[in-house]
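Residue-level structure breakdown
Below are the chains, spelled out letter by letter.
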There are 2 protein chains.
Amino acid sequence: MGQIIKGKPVADAISTVLTKEVEELKAKGITPKLTIVRVGANGSDLAYERGALKRCAAIGIDTEVKELPENIEQDDFIAELKKVNEDKATNGILIFRPFPKQLDESVIKYIIAPEKDVDCFSPVNVAKLMEKDETGFAPCTPSAVIEILKYYNIPMKGKNAVVIGRSMVVGKPVSMLLLNENATVTICHSKTQDMPSVTSKADIVIVGIGKAKMIDSKYIGNEAAVIDVGINVDEKGNLCGDADTDSCIEKASMITPVPAGVGSVTTSILAKHVVKACKLQNNLV
Amino acid sequence: MGQIIKGKPVADAISTVLTKEVEELKAKGITPKLTIVRVGANGSDLAYERGALKRCAAIGIDTEVKELPENIEQDDFIAELKKVNEDKATNGILIFRPFPKQLDESVIKYIIAPEKDVDCFSPVNVAKLMEKDETGFAPCTPSAVIEILKYYNIPMKGKNAVVIGRSMVVGKPVSMLLLNENATVTICHSKTQDMPSVTSKADIVIVGIGKAKMIDSKYIGNEAAVIDVGINVDEKGNLCGDADTDSCIEKASMITPVPAGVGSVTTSILAKHVVKACKLQNNLV
C-alpha cells in the first residue's frame, strides 16, 4: 500500500525560494511582473487565473490581467498582444487557450515574445525544450511533474519512466524533461499494444491520457511512483484523474491525487518562470 | 539469421516518384531548386554535396552551391544567407554544419527561412516536428529511417520501437517520427541501466549513439528490425556503424548495413523535401 503525495508541499517549497529571490530583485529595484491575456471569461480560465494571481501576490510578483472581448478579431488581438510584448514592465505573459474560433493559434503563437512566453506557447520555446536549451520555458504542467518527482526524492537518472499520452500539453514535453533528467523514457498512447505489459515495468508512470480513472493497478508495477496529470469529472460530478487512485495505490509506492496533486503545483511553476524571465531580461542569470 | 536491407532500393523508389513529380512541375513552368550553403571545403561536406548534387540532377532538381570562405565573419554570413532566403528561384536551402568557431549557430538558425529549411535547422521546423505539423521539414537522416521501415514493410503501428541515443541529429527527431507512425517509443541513452534488457524487447531498434559497433546481438531481440544510423571508422580504417552487423544479424530479422544503409537514402529525402518545399511555396499541396 503506497502513499498519497500531495502537490501543496511542493508548491510551498517553490514559493518560499521564489519569495526570497523576488526580495533580492526588489532590493535591486526590479519587480517581476506577469501579464495574463484572457479572451472572454471562461470558468476554468477564471479559476486558474485566481490561483495564479494569488500565488504571484504571495510571492511578491506584480500581475495584470488583460481581458479581451470574446469576439475580438485576429488583427485586434495581435495588436493587443504586441503591446504586451513591448511593455517593459511585463516579464512574463500567459495566454489562455484554446481561443474562440476567429483567432488562429497557429499564427498567434509566432507573435508572443519568446523571452516572455512563460508557458511554452511560442515555437521557439518548443524547440528549446526539445534541444535542452535552458534559456527557454517548458510548459508549466509538465514542469510541475518534474518538480514533484524531485521534491519527493524519486530518482529519475537511469530509471524507466513511462509516459502515457503523447499530447503537446503533457506527454511529449514531459518526455523531453524526463530525458533531461537522464531517465530512460517510453511513450505509450492509444495505439500501444498491451499497454499494461509496458507500463507495469516502469519505475515512474506519468499519466496524461485524458480518460477518467482509466489507469488501474494492472498498469502499475510494484513500488512504482505514479504522477497523475489528468483532470476529469467522474459520474458523480467530482474531479478525478486519469488514474484510479484507490486501485493504483495497492501497488504504487507513491501516487499524486486529483485534485490536490499536480494541479496545485502549476501556478508555482508559472511564478518560477516569471522570475526566471525577469532575471534573464535583466542579465541576472 | 536475418537479412541485410540496403538503402539503395529505397532511394531509387523515392527518386522514381520524385522524377515524375518534377516532370509535372516543369510542365507547369516550375523547376524546384536546392541551394547548398557551404563554409570552407571540409572533405565530408564535399562528399555529401557530390551525392546531393548527383541525386538532384538525376531527378531534375536545379542546384546551386554557395561556397563561402572558411574565415567568413558572422555578419557577412548572415547577409549571404538572407540573399539565399530571398532568392525566388531557391525552394530549399541546405547549410552544412558544424560551422567554424566565429559563426554562432544559435543565432544563424533563426535566420534561415523556415519554409526553405529542408533539413530542420530552424527552430520553427524543430517545433513543427514535435507538434506533428506536416508543413514543416524533419531532418533528412531520421526521415530516411522511417522511409526504410516503410519500404521494407516493417510495421510500426503499436509496435515497440527503441531508439538508442537522444541527440538532436538522430534520437529525438526519430522518436517523434516513430510516434507519428503510432509506434510505442522508448528512448535509451548512455545513462540507461541494463540497456540490453530494454532494447532486446523491441520490435524495432534504431541505433544512433555514435560508438563504433557498440550494439551486438545481446541488445537485439529475436526477429527485431535494426536500423543503424551510426557512421564511424573502425580500427582498420573502414566505415562501420554503431551496430556490430555480423553479431546482430544472428538474431535480427533485418538490419541496415554501414555503408550502403541509411546514408544511401538521405540525399533522396533531401530531394523529396526540396520538391515538397517547392509545392508548398507554389500552393500546390
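Basis of the calculations
- Residues numbered from 1 in each chain as written.
- Chains lettered and ligands numbered in written order.
- Predicted model: local features only at pLDDT ≥ 70, side-chain atom pairs only at ≥ 80, totals over all residues.
- Heavy atoms only, no water.
- UniProt positions renumbered as here; feature names shortened; annotations may be inferred.
- Domains from an automatic or database assignment.
- Core = buried A, V, L, I, M, F, W, Y, C linked by side-chain atoms within 4.5 Å.
- Buried < 20%, exposed > 50% of the residue type's maximum accessible area, 1.4 Å probe, protein only.
- Contact = heavy atoms within 4.5 Å.
- Buried area = accessible area lost by both parts, 1.4 Å probe.
- Salt bridge = Lys/Arg side-chain N within 4 Å of Asp/Glu carboxyl O.
- Polar contact = N/O pair within 3.5 Å; in protein donor to acceptor, adjacent residues only side chain to side chain.
- Helix = DSSP H or I, 4+ residues; strand = E, 2+ residues; numbered from the N terminus.
- Least-squares fit on C-alpha atoms with pLDDT ≥ 70 in both.
- Lys, Arg positive; Asp, Glu negative; His and termini not counted.
- Pairing = 2+ DSSP bridges.
- Right-handed = clockwise from strand over helix to strand, strands pointing away.

- Chain A carries the name Bifunctional protein FolD in an unreviewed UniProt entry, which gives Clostridium scatologenes as its organism.
- Here chain A is described in UniProt, under the heading Pathway (unreviewed entry), as follows: "One-carbon metabolism; tetrahydrofolate interconversion."
- Word for word, the UniProt comment on chain A under Subunit (unreviewed entry) is "Homodimer."

1. Re the domain arrangement of chain A
- Entries for chain A in the domain assignment read domain 1 (31-114) and domain 2 (140-262).
- When each unit is reduced to the centre of its C-alpha atoms, the spacing between domain 1 of chain A and domain 2 of chain A is 29 Å.

2. With respect to the nonpolar core
- In this structure, Leu 178 and Ile 206 of chain A together with Leu 178 and Ile 206 of chain B are the most contacted members of the largest nonpolar core, which totals 116 residues.
- Setting aside anything within four residues of it in sequence, one finds Ile 206 of chain B in contact with Val 145, Leu 149, Val 162, Val 163, Ile 164, Val 174, Leu 178, Ile 227 and Val 229 of chain B.

3. Comments concerning the interface of chain B and chain A
- The interface is formed by 35 residues belonging to chain B together with 35 residues belonging to chain A.
- Together, the buried faces of chain B and chain A total about 3,000 Å²; carbon and sulfur atoms form 60% of this surface.
- Broken down residue by residue, the surface that chain B buries against chain A is led by Met 130, Lys 172 and Leu 179 of chain B, which jointly contribute 21%.
- Linking chain B with chain A are 2 salt bridges.
- Glu 131 of chain B serves as the salt-bridge partner of Lys 109 of chain A, at 3.0 Å between the closest nitrogen and oxygen.
- Applying the counting rule to chain B against chain A returns 15 residue pairs in polar contact (both at pLDDT 80 or more).
- Elements represented by at least two residues in the side of chain B that touches chain A include exactly α5 (123-131), α7 (171-180) and β6 (184-188) of chain B.
- The dominant element in the side of chain B that touches chain A, judged by the number of residues it contributes, is α5 of chain B, at 8 residues.

4. Brief notes about the relation of the copies chain B and chain A
- Of the two same-sequence chains, chain B is brought onto chain A (RMSD 0.0 Å, axial shift 0.0 Å) by a rotation of 180°. Such a combination of turn and shift is consistent with a two-fold rotation axis. Judged by C-alpha distance, Thr 186 of chain B is the residue of chain B that lies nearest the rotation axis, at 2.0 Å.

5. Topic: the environment of Asp 242 of chain B
All names here are of chain B.
- Topologically, Asp 242 is positioned in the loop between β10 (239-240) and α9 (245-248).
- Within the structure, Asp 242 has its side chain in polar contact with the backbone nitrogen of Ile 209 (distance 2.7 Å).
- A polar atom in the side chain of Asp 242 sits 3.3 Å from the backbone nitrogen of Lys 211.

6. Describing the side chain of Lys 116 of chain A
All names here are of chain A.
- Summarising the element assignment, Lys 116 is placed in the loop between α4 (105-108) and α5 (123-131).
- Here Lys 116 is buried and forms no salt bridge, its nearest opposite-charge partner Glu 115 lying at an N-O distance of 6.0 Å.
- At a separation of 2.9 Å, a polar atom in the side chain of Lys 116 contacts the main-chain carbonyl oxygen of Asp 87.
- Setting aside residues up to four positions removed in sequence, Lys 116 forms contacts with Val 84, Asn 85, Glu 86, Asp 87, Thr 90, Asn 91, Gly 92, Ile 93 and Gln 281.

7. Regarding the pairing of strand β5 (residues 160-164) of chain B
Residues and elements named next belong to chain B.
- β5 sits mainly inside the fold: 4 of its 5 residues count as buried.
- Bridge count between β5 and β6: 5 bridges; the pairing is parallel. Residue Val 162 lies in a different strand from β6, and its bridge partner there is Thr 186.
- Following the chain from β5 across α7 to the adjacent parallel β6, one finds a crossover that is right-handed.
- In this structure, β5 lies alongside strand β7 (residues 204-207), joined through 4 bridges in parallel fashion. Within β7, the residue paired with Ala 161 across the bridge is Ile 204.

8. Topic: α5 of chain B
- In terms of residue burial, α5 of chain B counts as a mostly covered element, since 8 of its 9 residues are buried.
- Buried residues of α5 of chain B: Pro 123, Val 124, Asn 125, Val 126, Ala 127, Lys 128, Leu 129 and Met 130 of chain B, and no others.
- Each element contacted by the buried residues of α5 of chain B is listed here: α5 and α7 (171-180) of chain A together with α7 of chain B.
- One side-chain oxygen of the residue at the start of α5 of chain B lies 3.0 Å from the amide nitrogen of Val 124 of chain B, identifying that residue as Ser 122 of chain B.
- Residue Lys 132 of chain B follows α5 of chain B closely and has a positive phi angle near 60°.

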